[in-house]
Amino acid sequence: MTQVISLPPDYAAWLAELKSRIAGTQLRAALAVNAELIRLYWEIGRGIRERQQRHAWGSKVIDTLARDLRSAFPEMKGFSPTNLKYMRRFAEECPGLSFGQQPADQLPWFHIVVLLSRLSGFEERAWYAAKAIEHGWSRNVLGMQIETRARQREGNAVTNFPARLPAGQSDFAQQALKDPYLFDFLGLSREANERDIEQGLTRHITRFLLELGAGFAFVGRQVHIEVSQDDFFIDLLFYHLKLRCYVVIELKAVDFEPGFLGQLGMYMAAVDDLLAHPDDKPTIGLLLCRNKNNVVAEYALRGYRTPIGVAEWTTAITSALPDELSSSLPSIEELEAELSDPPATAADQ
């Protein structure tokens, strides 16, 4: 028979506190280990670069170094010739052990490899490194954001925010919108209508939220509102946790027309009156259409006192991988496969 133990009144709270502290310690330990590894790789890369410049080291010397390091540390998988070349490039491209204002040792190694292999500009790498750290992007998400040109699209929507929102909120809201939005995950044809798009986006809501960006929380699709006994249905309704306001999204499968803004403005006013909390900021509207003339959209928005953005949606964006990088080093997939192989031993050489 199991003996029942009488626990102190504060035991559960203390246990929860201990779990939190232990988990925090584990995280800090993991981050510290990662930081030490990244610094080690940078130091190795700097040493290789200096000796290549001073003694004209060639690839054969790097191959020898890789073999000797793997023989000395057979339990470590990071000393392949390919990875040593990435270390050299890391030291060359990040002389201060940072991507802009972001210390490189806050990123896992494969994130750094993605930045080095898929981007060529200093500012580009710094921007994506900062976003990866801020939002906790996985390596796959980082690669996807680069391939879909997230930096070029962020804050690019045509809006009337500067005239309709306070300065700080206007800037923040502008950066929260993109142009164009990429719906490549829907597999849509050119003949797709608004209902097809809505259904696809809600079926793939996780991917859609990732495309929208940080801060968006999904409220619902075809959200019913009643205005003076008339029924209306909002295509997509979100709440932005950082802007502290509702975001009404209207989808159009055709090119932009100024008349579309009237319906969107009415929905926004209804949300402000019927759904928003008194402490919420004014509702923001986003009209997504197939194509738009920016000048026409800017003129159309001038007549609205509510904050509205207009952006396009598309199903394909050309890869952002610079031509000069496409063949300079093996892909990250090839590197990952190489590092997953059993390390070579002295007997194998």
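Okay, so let's go over this structure. (Residues numbered from 1 in each chain as written. Predicted model: local features only at pLDDT ≥ 70, side-chain atom pairs only at ≥ 80, totals over all residues. Heavy atoms only, no water.)

## A look at helix α4 (residues 109-118)
So, step 1. With respect to burial, α4 is a largely interior element, nine of its 10 residues being buried.
So, step 2. Those residues of α4 that sit buried are W109, H111, I112, V113, V114, L115, L116, S117 and R118. (Buried < 20%, exposed > 50% of the residue type's maximum accessible area, 1.4 Å probe, protein only. Helix = DSSP H or I, 4+ residues; strand = E, 2+ residues; numbered from the N terminus.)

## Points about the nonpolar core
So, step 1. Counting 35 residues, the largest nonpolar core has L84, F90, F99, W109, I112, L115 and Y128 as the members making the most contacts within it.
So, step 2. Secondary-structure elements contributing two or more residues to this core are α1 (11-55), α2 (59-72), α3 (81-93), α4, α5 (122-135) and α6 (139-147).
So, step 3. For this core, the element with the highest residue contribution is α4, accounting for six residues.
So, step 4. If we skip the residues at most four places from it in the chain, L84 touches I44, I48, I62, L65, A66, L69 and F79. (Core = buried A, V, L, I, M, F, W, Y, C linked by side-chain atoms within 4.5 Å. Contact = heavy atoms within 4.5 Å.)

## Points about the packing of α3 against α4
So, step 1. Contact geometry for α3 and α4: axes closest at 10 Å, N-to-C directions at 70°. Viewed along their axes, α3 and α4 adopt a mutual orientation that is roughly perpendicular. Along the contact surface, α3 presents N83, Y86, M87, R89, F90 and E93, while α4 presents W109, I112, V113, L116 and S117.
So, step 2. Considering only residue class, the contact of α3 with α4 consists of seven nonpolar, two polar and two charged. (Axes fitted to C-alpha atoms, helices over the stretch in contact; angles between N-to-C directions. Parallel < 35°, antiparallel > 145°, perpendicular 65-115°, else oblique. Nonpolar A, V, L, I, M, F, W, Y, C, P; charged D, E, K, R; others polar.)

## As for the packing of aromatic side chains
What describes a pair of aromatic rings is the distance from one ring centre to the other and the angle between the planes of the rings.
So, step 1. Taken as a whole, this structure holds 12 aromatic pairs when the rule is applied.
So, step 2. Measuring from centroid to centroid gives 4.8 Å for W127 and Y128, while their planes differ by 80°, and the two rings are edge-to-face. This pair shows no difference in class: W127 is buried, exactly as Y128 is.
So, step 3. Ring plane angle 85° and centroid distance 5.1 Å describe the contact between Y239 and Y246, whose orientation is recorded as edge-to-face. Judged on exposure class, the residue Y239 and its partner Y246 are both buried.
So, step 4. Taken together through their ring pairs, the aromatic side chains of F183, F185, F208, F216, F218, F238 and W313 make up a single cluster. (Phe/Tyr/Trp six-rings, centres within 6.5 Å; stacked < 30°, edge-to-face > 60°.)

## Structural notes on unusual backbone geometry
So, step 1. The omega angle of the peptide bond from D179 to P180 is -5°, so this bond is cis rather than trans.
So, step 2. The backbone of Q229 shows a phi angle near 70°, a positive value even though the residue is not glycine.
So, step 3. With respect to the helices, strands and loops of the structure, Q229 is situated in the loop between β5 (216-227) and β6 (230-240).
So, step 4. On the basis of relative accessible area, Q229 is assigned to the exposed category, the value being 72%.
So, step 5. Of note, R244 is a non-glycine position whose phi angle comes to about 60°, a positive value.
So, step 6. The residue R244 is located in the loop between β6 and β7 (245-251) in this model.
So, step 7. We classify R244 as partly exposed; its relative accessible area is 43%.

## Topic: the pairing of β5
So, step 1. For β5 and β6, the ladder comprises 10 bridges, and the chain directions are antiparallel. Residue pairing across strands places H224 opposite F233, the latter belonging to β6.
So, step 2. Adjacent in sequence and paired antiparallel, β5 and β6 are bridged by two residues, among which S228 carries a positive phi angle near 50°. (Pairing = 2+ DSSP bridges.)

## Details of the pattern of salt bridges
So, step 1. Scanning all chains against the criterion turns up 15 salt bridges.
So, step 2. Residue R46 is joined to E43 by a salt bridge in which the shortest nitrogen-to-oxygen separation is 2.8 Å. With R46 and E43 both in helix α1, this residue pair falls three residues apart, about one helical turn.
So, step 3. With its nearest N and O atoms 3.8 Å apart, the salt bridge here joins E211 to K178. Of this pair, E211 sits in helix α11 (residues 205-212) while K178 sits in the loop between α9 (167-176) and β4 (181-182), and the two are 33 residues apart along the sequence.
So, step 4. Judged by relative accessible area, which is 1%, E211 ranks as buried.
So, step 5. Where salt bridges share partners, they join E36, R39 and D105 into one cluster. (Salt bridge = Lys/Arg side-chain N within 4 Å of Asp/Glu carboxyl O.)

## Overview of a nonpolar patch on the surface
So, step 1. A surface patch of nonpolar side chains, amounting to about 290 Å² of accessible area, comprises V227, M266, L274 and L275.
So, step 2. Accessibility expressed as a relative area gives 31% for V227, which makes it partly exposed. (Patch = residues over 30% accessible without salt bridge, like charges linked within 9 Å, V, L, I, M, F, W, Y side chains within 5 Å. Areas by Shrake-Rupley, 256 points an atom, 1.4 Å probe, with all protein chains shown as cover.)

## Quick word on α11
So, step 1. Along α11, the positions that sit buried rather than exposed are R207, F208, E211 and L212. Relative to the axis of α11, the buried residues are bounded by an arc of 140° and lie together on one face.
So, step 2. Positive backbone phi, approximately 115°, marks G213, located one or two places after α11. (Arc of directions from axis to C-beta.)

## Structural notes on the side chain of K292
So, step 1. Mapped onto the elements of the fold, K292 is located in the loop between β8 (284-289) and α13 (294-302).
So, step 2. Polar contacts involving the side chain of K292 include one to the side chain of N294, which spans 3.2 Å. (Polar contact = N/O pair within 3.5 Å; in protein donor to acceptor, adjacent residues only side chain to side chain.)

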